[in-house]
Amino acid sequence: MKIFLDTANFEDIRTANDWGVIDGVTTNPTLAGREGRPFREIVEEICDVMGERPVSAEVVATDIEGMLKEAREVSSWASNVVVKIPLIPTGIQAITILYQEGIKVNCTLCFSPAQALFAAKAGATYVSPFIGRLDDIGHDGMELVAQIRQILDNYDNLDTQIITSSVRHTRHIVRAALLGSDVATVPFKVLEKAFHHALTDVGLQRFLNDWEEAGLSIF
Ligand code: E4P
């Protein structure tokens, strides 16, 4: 399973990129708004550090003409931009047209299997089910990922990739991988925590103490 970083913060992206664990980045208007910088500058900088790996950047228009105009503009900023389009009727219409133009789309704000099916039929490269927000209202977000996985696997001509989104904790990452999600997009703090285990820290400390006590050295 690929891991994308869900942030528009350049420092976080650079740190996670140095760890060598991220396969892409997803941003959204909320995340971009926190940076206090021009959107284009943010996107271009992230795209540059990510090389050929995909970077999702979202449109904010909701009418078809506006969406298409913004999508074409944003996708011209770098070759690895993936345009994020919300899962609304005009969004599906826009995806159909952008697919024919060869523009990659991440269809965002997906909360049902039927929505995902329509995103895939329209030609979205990715569909993003928001599992944390479903959990927040008492639903089982991961069940949505399971259903979308099954639907997409039922048809050879639907090759949309699932990005498990709105990830809140390590268990979401693990369950996404167990269910065969293609990608999980993860906030920096969740990614950082996913590396840690108390027994790893205790075990390491014991190894280091024993080594020192024995007076050993590698060189
Ligand atoms: C996905 O691409 C979104 O940016 C993100 O996962 C939303 O997560 P949130 O529910 O934590 O805002």
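Parameters at a glance
Residues numbered from 1 in each chain as written. Predicted model: local features only at pLDDT ≥ 70, side-chain atom pairs only at ≥ 80, totals over all residues. Heavy atoms only, no water. Near = heavy atom within 4 Å. Polar contact = N/O pair within 3.5 Å; in protein donor to acceptor, adjacent residues only side chain to side chain. Nonpolar A, V, L, I, M, F, W, Y, C, P; charged D, E, K, R; others polar. Axes fitted to C-alpha atoms, helices over the stretch in contact; angles between N-to-C directions. Helix = DSSP H or I, 4+ residues; strand = E, 2+ residues; numbered from the N terminus. Parallel < 35°, antiparallel > 145°, perpendicular 65-115°, else oblique. Contact = heavy atoms within 4.5 Å. Core = buried A, V, L, I, M, F, W, Y, C linked by side-chain atoms within 4.5 Å. Buried < 20%, exposed > 50% of the residue type's maximum accessible area, 1.4 Å probe, protein only.

A closer look at the site of the ligand
- Taken together, the neighbourhood of the ligand is formed by Asp6, Thr26, Asn28, Lys84, Phe130, Arg133, Ser165, Ser166 and Arg168.
- Within the side chain of Asn28, an N or O atom sits 2.7 Å from an oxygen atom of the ligand.
- A distance of 2.6 Å is found between an oxygen atom of the ligand and a side-chain nitrogen or oxygen belonging to Lys84.
- Classifying every residue of the shell around the ligand by side-chain character gives 1 nonpolar, 4 polar and 4 charged.

Some thoughts on the packing of helix H1 (residues 10-19) against helix H3 (residues 39-50)
- For the pair H1 and H3, interaxial distance at closest approach is 11 Å and the crossing angle is 5°. By the angle between their directions, the pair H1 and H3 is classed as roughly parallel. Residues Phe10, Ile13 and Asn17 of H1 lie in contact with H3, whose contacting residues are Glu45, Ile46, Val49 and Met50.
- Among the residues making up the contact of H1 with H3, the classes are represented as 5 nonpolar, 1 polar and 1 charged.

What about the nonpolar core?
- One finds Ile22 and Ile85 to be the most contacted residues of the largest nonpolar core, which totals 60 residues.
- Leaving out residues up to four positions away in the same chain, Ile85 has contacts with Val59, Met67, Ala71, Gly91, Ile95, Leu98, Val105, Asn106, Cys107 and Thr108.
- In this structure, Val82, Tyr126, Ile163 and Val183 belong to the second largest nonpolar core, which totals 5 residues.

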